[in-house]
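Listed below are the residues making up each chain.
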Amino acid sequence: AAKYPFGCIEQTSMKLVAQYTGYITNEANAEAARDYEAAIIAWHKRLKSMYLPKQGFCFYPPEDGGTRKTDTHYAPRGVKHLLNLPASKRSGIKSQVLCELLDDIHTMVKEAAAYYKIANPPTKIQDCHDAYKILASDASPNEKARAASFVRSRLKERNGQTYVEVPEEQQSYRLWGRAVSTREETAYAAATLFVAQEPADLGQAIAATNFLTAQLNEEGRLYSTVDTAACLVLLLALRDAGVVVSGTSGRVAVNGQEMELGAALAYAGKVESLRCIEGVVAAQLTSEIFEDWSKFQSGLPVEVALERKGRTQKRFKVGDDLELVIRIPSYEPGLLAHVCLPDALARVVGGGQVKRFSLDFCEKNELRVPLAAVGTTQLPGEEGQNILARWLKLGNNENAQHWAVIVRNMFKEEQVGNPGLLRVIVE
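Residues numbered from 1 in each chain as written. Predicted model: local features only at pLDDT ≥ 70, side-chain atom pairs only at ≥ 80, totals over all residues. Heavy atoms only, no water.

A.B. asks: Help me understand the overall build of the protein in this model?
C.D. replies: If you tally the helices and strands in the protein, you get twelve helices and 17 strands. C-alpha extents for the protein along the principal axes are approximately 85 × 60 × 45 Å. Taken over 427 residues, the protein has a buried fraction of 47%. In the protein, once contacts between residues fewer than 6 apart in sequence are set aside, the share between residues at least 24 apart is 63%. In the form shown here, the protein has an accessible surface area of approximately 22300 Å², with 50% of it arising from carbon and sulfur atoms. Each charge class in the protein was averaged separately, 50 positive and 51 negative side chains, and the resulting centres sit 4 Å apart. (Helix = DSSP H or I, 4+ residues; strand = E, 2+ residues; numbered from the N terminus. Buried < 20%, exposed > 50% of the residue type's maximum accessible area, 1.4 Å probe, protein only. Contact = heavy atoms within 4.5 Å. Areas by Shrake-Rupley, 256 points an atom, 1.4 Å probe, with all protein chains shown as cover. Lys, Arg positive; Asp, Glu negative; His and termini not counted. Charge placed at Lys NZ, Arg CZ, Asp CG, Glu CD.)

A.B. asks: In this structure, what is going on with the packing of aromatic side chains? I would like to understand it.
C.D. replies: The geometry of an aromatic ring pair comes down to the distance between the two centres and the angle between the two planes. Applying the stated rule across the entire model yields ten aromatic pairs. When the ring of Tyr4 is compared with that of Phe6, the centres are 5.6 Å apart and the planes differ by 75 degrees; the resulting orientation is edge-to-face. On the basis of an interplanar angle of 20 degrees and a centroid distance of 5.0 Å, the ring pair of Tyr163 and Phe211 is categorised as stacked. Residue Tyr163 is found in strand β2 (residues 161-164), and its partner Phe211 is found in helix α9 (residues 202-213); the two are separated by 48 residues along the sequence. Its relative accessible area of 11% is what places Phe211 among the buried residues. Three or more aromatic residues joined by ring pairs make a cluster, and in this case those are Phe59, Tyr60, Tyr74, Trp176 and Phe411. Lys15 extends its terminal NZ or CZ atom over the ring of Trp43, reaching a point 4.3 Å from the ring centre. (Phe/Tyr/Trp six-rings, centres within 6.5 Å; stacked < 30°, edge-to-face > 60°. Lys NZ or Arg CZ within 6 Å of the ring centre and 35° of its normal.)

A.B. asks: Any chance you could explain the layout of surface pockets here in plain terms?
C.D. replies: Unfilled space is identified by rolling a water-sized probe across the atoms. Volume-wise, the second largest pocket comes out at about 1200 Å³. Broken down by secondary-structure element, the contributors of at least two residues to the lining of the second largest pocket are α1 (9-24), α4 (88-91), α5 (96-115), α6 (128-135), α8 (171-196) and α10 (225-241). Classifying every residue of the lining of the second largest pocket by side-chain character gives 24 nonpolar, seven polar and six charged. (1 Å grid on protein atoms, 1.4 Å probe; cavity = no way out; pocket = protein on both sides within 12 Å on 5 of 7 lines; lining within 4 Å. Points joined across faces, edges and corners; volume = space filled by probe spheres on them. Nonpolar A, V, L, I, M, F, W, Y, C, P; charged D, E, K, R; others polar.)

A.B. asks: Please explain the pattern of salt bridges as it appears in this structure.
C.D. replies: One side chain can pair with another of opposite charge once the charged atoms of both are near each other. Counted by the stated rule, this structure contains 24 salt bridges. With a closest N to O distance of 3.7 Å, Glu307 and Arg327 form a salt bridge. One end of the pair, Glu307, is in strand β6 (residues 303-308); the other, Arg327, is in strand β9 (residues 321-327), and 20 residues separate them in sequence. We classify Arg327 as partly exposed; its relative accessible area is 28%. The salt bridge involving Glu307 is made with Arg368; its shortest N-O contact spans 3.1 Å. Here the residue Glu307 occupies a position in strand β6, and Arg368 occupies one in strand β14 (residues 366-373), the gap between them amounting to 61 residues. What emerges from the salt-bridge pattern is a single network uniting Glu303, Glu307, Glu323, Arg327, Glu366 and Arg368. (Salt bridge = Lys/Arg side-chain N within 4 Å of Asp/Glu carboxyl O.)

In short, geometric facts, not functional conclusions.
This is the structure:
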């Protein structure tokens, strides 16, 4: 999550939470801690560039094409992420630089929260994030009991999975869609139960945690920054609760053979099955993840073209400079273009050829990306055959390569624009 490449106000806030999490969990590892500290310094600077004194935050920094205009759509969510960060006195951090940054963030966020009318802790419970904030605050025992009760009423088991089913009228559903809002609410619900530390809630909280961690993608995140930020809060709550046993205690069965957890951690063979016998054990599963873009149903109109000298073309020569143009009817916050180029085309960045990349529309409805034709699409020995076929007008016997572009909303998992498989010929 700390390496997430995009940086609107909400994403920047999530990244700062991730980098803070990385720092406090790696303080004993000086090299890793230094890397996280350097990242926090850099992203604090970006946060500061979006800060509007007494007016909240703008959506993107002006130097990224944004305007110094108060954002009321995603900035409040970023403020809520940053409210999860402690001020320096409660952080326990020894670094003077980070303490000063935490206090500066706290000052900006406190002022922005007042502007956006975000109560901290909340005065009423509208969702599971509110419930978590109350449990994590100095609220009265009665208020905390009410928050825990709210969460218990929301977490349900369905078809062997435990999660929060978000009603369509809830604000998070309207902002993020069903999938992301479900994971966000489930993460804060489980975090609330871990903070409450009621033994009767443990099974339900762990089941909800498993529902979430099973959906982490190949980059170790959930789909959106919104559900990822909530999951970070959950994992910190799980860590602070001390639920998971260490290698000195607990028993498991590996491939049907019972052993102490310490012995299982040193097990060198292939693990076919794992069962926890005593305690609560954290296990990591590594697997391949496949994403088939052709299966995405298109609900967002997208125009894609390759242009050379301002004219759309589908045929190029090796060495040509061209532009990839991606257009959408109108901008909506969170839209990203994902591009997968064929062997014959490349985006040249820093002297290297990039074949797959993602771009943020950054409040625009058109993206233009310089590309280069770096190779031919014709198979070896077939150039003469293709020339003859064209001369004889024998139809389309030319070799083309296929490539793809999709547009997805980084917040709404269900929103996709998919123009289908694209073709290009390079001679």
